[in-house]
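Structural description and commentary
Here is what each chain is made of, one letter per residue.
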Amino acid sequence: MTLDFAAFVADATADPAVVGLVLKGSRAHDGMTTRHSDHDLYVILADDAASELAALDGYRSARLDVVVTTLERFRRPADWERYAIARSRVLVDRSNGEVTRIVAAMGRLGAEEAFRSGAALLDAYANSLYRSVKNHRDGNPLAGHLDAAASVGFLLDLLFALDRRPRPYNKYLAWELDRFPLPGWESAALLDTVARITATGEVAPQQRLFARVEAAARAAGHAAVLDAWGEDLLLMRPHPDSPAHQCRVAVPARPRHGCPSSGNGPGTSAEYPCPPF
């Protein structure tokens, strides 16, 4: 059986048990579709309703992938699905607007959630970076390269957490940064640096990037995580003679909603000039 997207949407819309239809994936990202793109669709049922469509949960074809869920489960997606929902398109909402509100909420992490996540991600990023630089220093370039590549995932998770956003899938990273840049970061330069680090594992680009990350993380209130690394920070930072050694970044004004303060005070802003990568 191969289902046609338009016909399926028409049938699902006619089903009184269906309270929402949500399109995700490349079809929900302008300019990202190709001749290979299918339609990824959430079918959301009322919590107490029964529907024959439930049997199609997990249906996959070259043209249509279907997830059938309830409104209650749609409120609590897996973490990995959060970005997909945040950038999805609501095709049908018969839930008094709740489906639309859930989709909108997925794109904004709670302040405490983002702060806790940011602290853990910063430590993981620093750990991979430290291992990379140390392995290069000790004459193990393969291990250094692998650790450098591993650090990039933690880095991207961290940067988006600092802006209280879920990290996009790699496929949509450039798309996301082009349309919704991270505050204080030039998107093209960041992508170029990430590409260089993953391709080469070189130490200097990692250290220059860390200088910017350290400044941003301290401004966001994560000084304790960094200071716990003690003198090991010296290995992660650029050489003292490098212009990036005293790197700082622009931090937008933003209330901290009870999160630990960076020292700038709630809702204040600070300017941190920084040389390019």
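Here we summarise the structure given alongside this text. From a predicted model like this one, the values you see are computed outputs, not experimental measurements.

**Description of empty space enclosed by the protein**
Tallied over the entire structure, the rule returns two cavities of 30 Å³ or more. Of the volumes computed, that of the second largest cavity is approximately 30 Å³. Elements that contribute at least two residues to the lining of the second largest cavity include exactly helix 5 (111-137), helix 6 (141-162) and helix 9 (203-219). Tallying contributions element by element places helix 6 first for the lining of the second largest cavity, with three residues. Grouping the constituent residues of the lining of the second largest cavity by class yields six nonpolar, two polar and no charged.

**Looking at the layout of surface pockets**
To find the voids left in a structure, one rolls a probe of water-molecule size over its atoms. In this model, the largest pocket occupies a volume close to 340 Å³. As for the largest pocket, its lining consists of 15 residues, of which D79, L109, D157, P166 and R167 are closest to the centre. Residues that form the lining of the largest pocket fall into these classes: eight nonpolar, one polar and six charged.

**Considering the packing of helix 6 against helix 9**
The geometry of helix 6 relative to helix 9 is characterised by a closest axis approach of 12 Å and an angle of 25° between their N-to-C directions. Classed by the angle they form, the pair helix 6 and helix 9 counts as roughly parallel. Pair helix 6 / helix 9 crosses with left-handed handedness. For the pair formed by helix 6 and helix 9, the contact residues are A148, S151, L155, L158, L159 and L162 on the first element and Q206, L209, V213 and A216 on the second. Considered class by class, the residues forming the contact of helix 6 with helix 9 number eight nonpolar, two polar and no charged.

**Some details on the sheet that holds strand 1 (residues 18-24)**
A sheet is described by the order of its strands in space; here four strands give the open sequence 3-2-1-4, paired in mixed fashion. At either end of the open sheet lies a strand with only one pairing partner, and these are strand 3 (64-70) and strand 4 (89-93). Shown here is a sheet whose adjacent strand axes are inclined to one another by a mean of 20°, direction ignored. In this sheet, strand 2 (residues 39-45) lies alongside strand 1 in antiparallel orientation, the contact comprising six bridges. Each residue of the ladder has a partner; that of L21, found in strand 2, is V43.

**Some points on the nonpolar core**
Grouped together as the largest cluster of nonpolar side chains are 35 residues, with contacts concentrated most on Y125, L159, L190, L209, V213 and M236. Element by element, the count of residues in this core is highest for helix 6, at nine residues. In this structure, L21, L45, V66 and V92 belong to the second largest nonpolar core, which totals 19 residues.

**What about the packing of helix 6 against helix 8 (residues 187-200)?**
Running from amino to carboxyl end, helix 6 crosses helix 8 at an angle of 155°, the nearest separation of the two axes being 7 Å. Comparing the axis directions of helix 6 and helix 8 gives the class roughly antiparallel. Contacts from H145, A148, A149, V152, L155, L156 and L159 of helix 6 reach helix 8 at L190, V194, I197, T198, A199 and T200. Across the contact of helix 6 with helix 8, the residue classes tally to 10 nonpolar, three polar and no charged.

**Description of the pattern of salt bridges**
The tally for this structure, following the rule as stated, stands at 18 salt bridges. Residue R196 pairs with E202 through a salt bridge whose shortest N-O separation is 2.9 Å. Accessibility expressed as a relative area gives 31% for E202, which makes it partly exposed. Each of the salt bridges in this network shares a partner with another, and the network as a whole consists of E72, R75, R76 and E98.

So, how was this worked out
Residues numbered from 1 in each chain as written. Predicted model: local features only at pLDDT ≥ 70, side-chain atom pairs only at ≥ 80, totals over all residues. Heavy atoms only, no water. 1 Å grid on protein atoms, 1.4 Å probe; cavity = no way out; pocket = protein on both sides within 12 Å on 5 of 7 lines; lining within 4 Å. Points joined across faces, edges and corners; volume = space filled by probe spheres on them. Helix = DSSP H or I, 4+ residues; strand = E, 2+ residues; numbered from the N terminus. Nonpolar A, V, L, I, M, F, W, Y, C, P; charged D, E, K, R; others polar. Axes fitted to C-alpha atoms, helices over the stretch in contact; angles between N-to-C directions. Parallel < 35°, antiparallel > 145°, perpendicular 65-115°, else oblique. Left-handed = near helix turned anticlockwise from the far one by under 90°. Contact = heavy atoms within 4.5 Å. Pairing = 2+ DSSP bridges. Core = buried A, V, L, I, M, F, W, Y, C linked by side-chain atoms within 4.5 Å. Buried < 20%, exposed > 50% of the residue type's maximum accessible area, 1.4 Å probe, protein only. Salt bridge = Lys/Arg side-chain N within 4 Å of Asp/Glu carboxyl O.

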